[in-house]
Amino acid sequence: MITTGTIIALLSTVIAMALAAKCSLPAPGVCGIRALKEIEEPFYPWTAVLIVQPQWNGPIVAICGGTLISDRFVLTPAHCFENLPGYVTFKIRLGGWNITSERACDAELCAGRIIDVAIVSHVIHQDFNSSHIQHDIAMIKLARPVTFTNFISPICLPWSESHMNPLESGRILRVVGWNIVEENYIPNVTDFIGDRHQNSMEVRTVSDEECDFDFQSTSEICTEQVDENNLQRVDFARSLVTQERDDYWYQHGHGVWEFGNPKQHESDIFTRITHYLDWIRENLNGAGPC
């Protein structure tokens, strides 16, 4: 006969096992989905914005971007956490097409709303060098799991062997992020929270010899714009992504310059995600219960 004490002990064991469960990343099909491809505006549901509240209770400030990689984690550049002594509240904003709007996008079919999720912890790569902007990667753990919707869902990371091969020169990828949509707009570091819309553009990877800058090819990716006549830019919170042969979207990099290269047709540098997969896995395993 099962006693009350036995039932309580079993329940305690189940709860303890659940609490001890390690964090993991979703499989393709859960990650890498763009459910709203048919809407007019470009919308990428894994895009995230790091927002902060000043100590003097001023308006929130969008300081950096990132990508949702699971229901609890956001991948972001390490430089996002530099020089922030005047801010006390950190949150991640998800589901936004316009950073400052409560609507996910302008199209009538968009019933989604942005959400702001508190941050419980973050970890910066131990070798991050702010002087040379190397190893510019960090992970953010959200205070609670988020529910995936058409407007909020994770990007896949390139874990498979085929994805982990170095990107060959000339590979076409897409830069995704935000841009102030104004004619003749010049990026300005004071425009942290203007009327920024999600935007994207095609780029191609270039070799060491073709790149306008010195870069570490093992841990960074250099790109250049495909269409030099395209004046649209992605100047804030940039991630480097592509839709692979399995039709799912994967992230290959994120920008080391938060506002992009101000010169229209020069090269751009991204942190190479495949170089840091072991670091990401280690920090997932060491992040505590999910």
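Worth saying up front: this structure is predicted, and the values here are computed from it rather than measured.

Peer 1: So what's going on with the overall build of the protein? Residues and values would help.
Peer 2: Across its full length, the protein carries three helices and 12 strands. Taking all 290 residues of the protein together, 48% fall into the buried category. Carbon together with sulfur atoms contributes 51% to the accessible area of the protein, which is approximately 14,300 Å² in total.

Peer 1: A description of the packing of aromatic side chains should follow, citing residues and the corresponding values.
Peer 2: Under the definition given, this model contains three aromatic pairs. A ring pair is formed by Tyr44 and Trp249, whose centres lie 5.9 Å apart and whose planes are at 75 degrees; its orientation type is edge-to-face. Of this pair, Tyr44 sits in the loop between helix H1 (4-19) and strand E1 (47-54) while Trp249 sits in strand E11 (residues 249-255); the two residues are 205 residues apart in sequence, bridging distant segments of the chain. Of the two residues examined, Tyr44 and Trp249, each falls in the buried class. On the numbers, 6.0 Å between centres and 40 degrees between planes, the contact of Trp46 with Trp249 is tilted. Of this pair, Trp46 sits in the loop between H1 and E1 while Trp249 is found in strand E11, placing the two residues 203 residues apart along the sequence. Of the residues examined, Trp46 reaches a relative accessible area of 0% and is grouped as buried. Taken together, the ring pairs connect Tyr44, Trp46 and Trp249 into an aromatic cluster.

Peer 1: Give a description of the nonpolar core that names residues and reports values.
Peer 2: Counting 22 residues, the largest nonpolar core has Leu50, Ile92, Leu94, Ile140 and Leu142 as its most contacted members. Secondary-structure elements contributing two or more residues to this core are E1, strand E2 (61-68), strand E4 (87-94), strand E5 (115-124) and strand E6 (138-142). Broken down by element, this core gets its largest block of residues, four residues, from E2. In contact with Ile140, other than residues within four places in its own chain, are Leu50, Arg72, Phe73, Val74, Thr76, Phe81, Ile92, Ile119, Ser121 and His122. Counting residues in each nonpolar core, the second largest holds 19 residues, with Phe73, Trp249, Tyr276 and Trp279 among its members.

Peer 1: Break down the state of the cysteines for me, citing the residues and quoting the values.
Peer 2: One way to say it: the disulfide is the covalent bond shared by the sulfur atoms of two cysteines. Under the definition given, this model contains three disulfides. Linked covalently through their sulfurs, Cys31 and Cys156 form a disulfide whose S-S length is 2.0 Å. Between Cys31 and Cys156 the sulfur-sulfur dihedral comes to about 95 degrees; the bridge is accordingly right-handed. Taken as a pair, Cys31 in the loop between H1 and E1 and Cys156 in the loop between E6 and helix H2 (161-164) lie far apart in primary sequence, 125 residues in all. The pair Cys31 / Cys156 is uniform in exposure class, with both members buried. Note that Cys211 is cross-linked by a disulfide to Cys222, the S-S spacing being 2.1 Å. The chirality of the disulfide connecting Cys211 with Cys222 is right-handed, given an S-S dihedral of about 85 degrees. Of this pair, Cys211 sits in the loop between strand E8 (196-205) and strand E9 (220-225) while Cys222 sits in strand E9; the two residues are 11 residues apart in sequence, bridging distant segments of the chain. Like Cys211, the residue Cys222 is buried in the burial classification.

Peer 1: Any details on unusual backbone geometry? Residues and values, ideally.
Peer 2: Apart from glycine, the bulk of residues carry a negative phi angle, and the bulk of peptide bonds sit in the trans form. Positioned with a positive phi, His135 is a non-glycine residue whose angle comes to about 55 degrees. Examined against the element boundaries, His135 turns out to sit in the loop between E5 and E6. Its identity is not glycine, yet Asp247 carries a phi of approximately 75 degrees, on the positive side. Among the structural elements, Asp247 can be located in the loop between strand E10 (236-243) and E11. Take Asp247: its relative accessible area is 53%, and that puts it in the exposed class.

Peer 1: Could you give an account of the pairing of E11, with specific residues and numbers?
Peer 2: Among the seven residues of E11, seven are classified as buried, and the element is accordingly described as predominantly covered. Across three bridges, the pairing between E11 and strand E12 (residues 268-272) is antiparallel. Looking at the pairing, His254 lines up with Thr271 of E12.

Peer 1: Hey, could you go over the pairing of E9 for me, with residue numbers and the actual values?
Peer 2: The buried count for E9 comes to five of six residues, which makes it a mostly enclosed element. Across four bridges, E9 lies against E12 in antiparallel orientation. What sits directly across from Thr223, in E12, is Asp268.

Basis of the calculations
- Here the residue numbering is sequential within each chain, running from 1 through the sequence in written order.
- Where local features are concerned, this predicted model is filtered to residues with pLDDT of at least 70; where side-chain atom pairs are given and counted, the filter is 80 or more; whole-chain, interface and lining totals use all residues.
- For the side-chain quantities, the full set of heavy atoms in the structure was used; hydrogens and water were omitted.
- Strands here mean DSSP runs of E at least two residues long; helices mean DSSP runs of H or I at least four residues long; both are numbered from the N terminus.
- Buried residues are those whose accessible area, probed at 1.4 Å on protein chains only, stays under 20% of the maximum for their type, while exposed residues exceed 50% and partly exposed ones sit between those limits.
- Residue burial considers only the protein chains on display, and all accessible areas are found by Shrake-Rupley using a 1.4 Å probe.
- Planes of paired rings set the category: under 30 degrees apart is stacked, over 60 is edge-to-face and the rest tilted, where pairs are Phe, Tyr or Trp rings (Trp by its six-membered ring) whose centres lie within 6.5 Å.
- In these notes, a set of buried Ala, Val, Leu, Ile, Met, Phe, Trp, Tyr and Cys residues joined through side-chain atoms within 4.5 Å is what counts as a nonpolar core.
- In what follows, residue pairs with any heavy atoms lying within 4.5 Å of each other are defined as contacts.
- Cysteine sulfur pairs qualify as disulfides if the two atoms are within 2.5 Å.
- One requirement defines pairing of two strands: DSSP has to find at least two bridges between them.

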